[in-house]
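# Chain and residue survey
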Amino acid sequence: GVDLFGPIPYSEALQGADNYTPAFDDEASIYTALDGMLSEAITNLGATSLVPLASNGDMIYSGNTTKWIAAANAMRAKIAVTTSEVNGSYGSAKTYAQAGMAANADNFSCPFDAADPNAYNPMYQFDDERNDIVLCSTFLNALESNGDPRISKLAWKAGASYVGLGPGESGTGAESAIGPFLGGVTEGLGKGVSVRFATAAEMQFIIAEIEADGGNIAPAQTALKAAVALSLSEMGVSDATWKTAYDTYVDGLSTGAALLTETMYQKWIAMAGTYEPFNDWRRLGNGHLNLGIAANNVLSNSFPQIFPYPTSEKVYNADNVPARADISERVWWDVADNTPAK
């Protein structure tokens, strides 16, 4: 929430009838509090006197404290990376990422039951109810131009081809729908897809970014190739020919700048369905992602930086909701010059 809306209720939140109008906490204090809780959780989970977690009440890791510690480190890595620009350094992000999950089987994901209509993946439910969610042409064109095998998992074909829409464009109803990996409704394959909070691929992308930014070519190449391999595996894609050619391409990237751009580009694809790419775009600027973002005629050729506060909040908690001129305002860690290249 804080990454999307900026200041939100935190210290006074969730008090129910005791406080219907909670104060809004500033973003930096919320980040500090969350990182502190994760640190405390890691310490407590590693205590020798810890009472075993109940496996039947843990639908993510079945009471496995080692996996929970890795998940907590992964979340700390995400916090450290997200705040790296405003803090002026990556801090301990690499250390946290290295202590995070290393295999897709250990990904920090919330599962959903494909056999229970009341427990389907939320994107599947949303898409099934509306049936008007389509893929962006920028995304589809990027996948197609590189022959990326993940396209079949991220999008459904519209007839014989993939068809997307640019920002603000109106469609005909014959565009490509969200694919099965993200919870798309075609053939019902997205019903049981898990929602990802942190993944092994994401940890390798974080390491690759840090190494590339530091000009450490070989470690950046190794982490980037590992990240893409994990992404392919996570989506159930096996294409040895494509992966071999891709690894050769990465081995030919000889500068930190080139590796950083490629790392963020591949992370954009791998983390589709999450808002990490939105964070990365705001944090590093369009120059690093190099996505060629098209002008959006709905938003007067601008690109949103932040979410507007809900009307319900402005009505029922008006005295506390911060003033917001428009969606061009930035969250506190967004200090890069991220004006679209177009």
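Residues numbered from 1 in each chain as written. Predicted model: local features only at pLDDT ≥ 70, side-chain atom pairs only at ≥ 80, totals over all residues. Heavy atoms only, no water.

The next subject is unusual backbone geometry. One can expect most non-glycine residues to show negative phi and most peptide bonds to be in trans. For leucine 14, which is not glycine, the phi torsion reads 60° and is therefore positive. Relative to the helices and strands, leucine 14 is located in the loop between strand E1 (8–9) and strand E2 (24–25). On the basis of relative accessible area, leucine 14 is assigned to the exposed category, the value being 89%. (Helix = DSSP H or I, 4+ residues; strand = E, 2+ residues; numbered from the N terminus. Buried < 20%, exposed > 50% of the residue type's maximum accessible area, 1.4 Å probe, protein only.)

Below, the discussion takes up the environment of valine 195. On the secondary structure map, valine 195 appears in strand E4 (residues 195–198). Along the primary structure valine 195 and proline 111 are separated by 84 residues, whereas in three dimensions their C-alpha atoms are 6.7 Å apart. Discounting residues that sit within four places of it in the chain, valine 195 has contacts with Phe108, Ser109, Cys110, Phe112, Asn121 and Pro122. (Contact = heavy atoms within 4.5 Å.)

Bringing the layout of surface pockets into the picture now. Size it by volume and the second largest pocket reaches roughly 580 Å³. Around the second largest pocket, the lining is made up of 22 residues, and of these Asp3, Leu34, Met75, Lys78 and Tyr275 lie nearest the centre. Breaking the lining of the second largest pocket down by element, the ones donating at least two residues are helix H1 (2–5), helix H2 (27–45), helix H3 (65–82), E4 and helix H13 (276–284). It is H2 that provides the largest number of residues to the lining of the second largest pocket, a total of five residues. (1 Å grid on protein atoms, 1.4 Å probe; cavity = no way out; pocket = protein on both sides within 12 Å on 5 of 7 lines; lining within 4 Å. Points joined across faces, edges and corners; volume = space filled by probe spheres on them.)

What follows concerns the pattern of salt bridges. In this structure the tally under the stated criterion is 14 salt bridges. Lysine 67 is the salt-bridge partner of aspartate 106, the closest N and O atoms lying 3.1 Å from each other. Here aspartate 106, found in the loop between helix H5 (93–98) and strand E3 (108–110), pairs with lysine 67, found in helix H3; they are 39 residues apart in sequence, far enough to count as distant. The exposure class of lysine 67 is partly exposed, given its relative accessible area of 27%. In this structure, the salt-bridge partner of lysine 78 is glutamate 202, at a minimum N-O distance of 2.7 Å. (Salt bridge = Lys/Arg side-chain N within 4 Å of Asp/Glu carboxyl O.)

Attention shifts here to the packing of aromatic side chains. Per the stated rule, a full pass over the model turns up 13 aromatic pairs. Aromatic side chains tyrosine 61 and phenylalanine 108 sit 6.3 Å apart centroid to centroid with 25° between the ring planes, which places their arrangement in the stacked category. One end of the pair, tyrosine 61, is in the loop between H2 and H3; the other, phenylalanine 108, is in strand E3, and 47 residues separate them in sequence. Comparing tyrosine 61 with phenylalanine 108, the two get one shared label, buried. Site record: aromatic cluster; members linked through ring pairs are Phe5, Phe24, Phe307 and Tyr309. (Phe/Tyr/Trp six-rings, centres within 6.5 Å; stacked < 30°, edge-to-face > 60°.)

Look at helix H12 (residues 256–270): 21 Å from first C-alpha to last across 15 residues, which is about the 21 Å you get at 1.5 Å a residue. H12 sits mainly inside the fold: twelve of its 15 residues count as buried. What H12 keeps buried is the set Gly256, Leu259, Leu260, Glu262, Thr263, Met264, Tyr265, Gln266, Lys267, Trp268, Ile269 and Ala270. (Expected span 1.5 Å × (residues − 1).)

Next up on the list: a nonpolar patch on the surface. Where nonpolar side chains cluster on the molecular surface, the patch consists of Tyr10, Leu34 and Met37 and spans about 240 Å² of accessible area. Summarising the element assignment, tyrosine 10 is placed in the loop between E1 and E2. Judged by relative accessible area, tyrosine 10 falls into the partly exposed class, the value being 31%. (Patch = residues over 30% accessible without salt bridge, like charges linked within 9 Å, V, L, I, M, F, W, Y side chains within 5 Å. Areas by Shrake-Rupley, 256 points an atom, 1.4 Å probe, with all protein chains shown as cover.)

With respect to the helices, strands and loops of the structure, alanine 258 is situated in helix H12. A relative accessible area of 28% means that alanine 258 is categorised as partly exposed. Considering only alpha carbons, one finds alanine 258 and glutamate 276, 18 residues apart in sequence, at a separation of 20 Å.

This paragraph deals with the nonpolar core. Met101, Phe139, Leu154 and Leu224 are the most contacted members of the largest nonpolar core, which totals 56 residues. In terms of residues, this core owes the most to one element, helix H9 (residues 200–213), which gives nine residues. Leave out the neighbours within four places in its chain, and methionine 101 touches Tyr61, Ala70, Ala71, Ala74, Asp106, Asn107, Phe108, Ala198, Thr199, Ala200 and Met203. (Core = buried A, V, L, I, M, F, W, Y, C linked by side-chain atoms within 4.5 Å.)

As a packed pair, helix H10 (residues 217–234) and helix H11 (residues 240–251) sit with axes 10 Å apart at the nearest point and diverge in direction by 160°. Classified by the interaxial angle, the pair formed by H10 and H11 is roughly antiparallel. As H10 runs across H11, the sense of the crossing is right-handed. Of H11, the residues touching H10 (which contributes Gln221, Leu224, Lys225, Val228, Ala229 and Leu232) are Trp242, Lys243, Tyr246, Asp247, Val250 and Asp251. (Axes fitted to C-alpha atoms, helices over the stretch in contact; angles between N-to-C directions. Parallel < 35°, antiparallel > 145°, perpendicular 65-115°, else oblique. Left-handed = near helix turned anticlockwise from the far one by under 90°.)

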